[in-house]
Amino acid sequence: MQEELKSAAPRLILSVTDTKAEKTLYTLLEEAHIPLRFQFHGQGTANSEILRICGLGESDRILTMWILPKSAVPVLFHKMNESLHLKRRGKGIAVSIPLTGIQMNLAKLMNAQYPQQPHNTTKQEGCKMAEGSGFSMIIVTVNQGFSDDVIDTAKEAGAKGGTIIRGRRRGLDSAMKFWGISLQEEQEIVLIIVPKSIKKEVMGTISKTHGLCSPAHGLVLSIPIEDALGLET
């Protein structure tokens, strides 16, 4: 079982693109035989400067997530760049995030769908992904209506913007009562990509201003980004 997981070397791929690119992305993922993916509608919050840099402006966005083995990421990113032109400013971003565990059946499915092959160095070089790019993704969950405040706070700490998606909080009664948090409360999830050099400062500032003891009841965490496409400055 461990060999299956090790062989899969799973990566979560997350892309944020304009709604106009939804059909193109769907076709690309179908042709790549991606067995399972998830899509969410969100809203970009970055200013016009960052819109030009990495396509996270104030407009409707499609956030798409799927899982791939690490070996398949370079080729897919190359195809995404060709189809979606993510290296052009304002077209969107895609990032690869290491996973430490997945369901074993999913690992087997990935290994069957993507057998180990020699790396295509030409496509890797053509894509010029920022492997070990020095970026992290900060994830902030807050009560509805506080996402704009989080973005403003993050910008003051050096961030450029982010993407907002909406959901609902669920949890144990005892835990929620301990923190004074209500269940079934509408939540806003803010995704902010920042250089690692300012990650701690941005997270600390958000937590201090919008943390669990604030009216926003915010939770703040971060995850590493291994490869990135569309974040070139």
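Residues numbered from 1 in each chain as written. Predicted model: local features only at pLDDT ≥ 70, side-chain atom pairs only at ≥ 80, totals over all residues. Heavy atoms only, no water.

(A) Fine view of the packing of helix 7 (residues 147–156) against helix 9 (residues 196–210). The geometry of helix 7 relative to helix 9 is characterised by a closest axis approach of 9 Å and an angle of 140° between their N-to-C directions. With respect to each other, helix 7 and helix 9 are oriented oblique. Crossing of helix 7 over helix 9 shows right-handed handedness. Taken together, the residues of helix 9 that come into contact with helix 7 (itself represented by D149, V150, T153 and A154) are V202, T205, I206, T209 and H210. Residues of the contact of helix 7 with helix 9, tallied by class, amount to four nonpolar, four polar and one charged. (Axes fitted to C-alpha atoms, helices over the stretch in contact; angles between N-to-C directions. Helix = DSSP H or I, 4+ residues; strand = E, 2+ residues; numbered from the N terminus. Parallel < 35°, antiparallel > 145°, perpendicular 65-115°, else oblique. Left-handed = near helix turned anticlockwise from the far one by under 90°. Contact = heavy atoms within 4.5 Å. Nonpolar A, V, L, I, M, F, W, Y, C, P; charged D, E, K, R; others polar.)

(B) Just the environment of G211, in detail. Relative to the elements of secondary structure, G211 occurs in the loop between helix 9 and strand 8 (219–224). Taking the C-alpha atoms as reference, G211 lies 9.4 Å from V140; in sequence the two are 71 residues apart. Not counting residues up to four positions away in its chain, the partners in contact with G211 are I206, H217 and G218.

(C) Here's a closer look at helix 7. For helix 7, the full list of buried residues reads S147, V150, I151, T153 and A154. The arc that holds the buried residues of helix 7, viewed along the axis, is 165°, so those residues lie on one side. Taken from the residues just after helix 7, G158 is the one with a positive phi, measuring 115°. (Buried < 20%, exposed > 50% of the residue type's maximum accessible area, 1.4 Å probe, protein only. Arc of directions from axis to C-beta.)

(D) Spatial organisation of a nonpolar patch on the surface. Residues L36, F38 and F40 make up a contiguous nonpolar surface patch of roughly 280 Å² in combined accessible area. By the secondary structure assignment, F40 is in strand 2 (residues 37–44). Since its relative accessible area comes to 34%, F40 is described here as partly exposed. (Patch = residues over 30% accessible without salt bridge, like charges linked within 9 Å, V, L, I, M, F, W, Y side chains within 5 Å. Areas by Shrake-Rupley, 256 points an atom, 1.4 Å probe, with all protein chains shown as cover. Salt bridge = Lys/Arg side-chain N within 4 Å of Asp/Glu carboxyl O.)

(E) Looking closely at the pattern of salt bridges. One pass over the structure, following the stated rule, counts four salt bridges. Between R11 and E226 there is a salt bridge, with its nearest N and O atoms 2.6 Å apart. Remark: E226 occurs in the loop between strand 8 and strand 9 (227–229) and R11 occurs in strand 1 (residues 10–18); sequence separation between them is 215 residues. Residue classification places E226 among the buried positions, given a relative accessible area of 13%. Residue E226 pairs with K70 through a salt bridge whose shortest N-O separation is 3.8 Å. Pair noted here: E226 is in the loop between strand 8 and strand 9 and K70 is in the loop between strand 3 (60–69) and helix 4 (73–84), with a separation of 156 residues, a long-range link. Its relative accessible area of 34% is what places K70 among the partly exposed residues. Each of R11, K70 and E226 takes part in one network of salt bridges that share partners.

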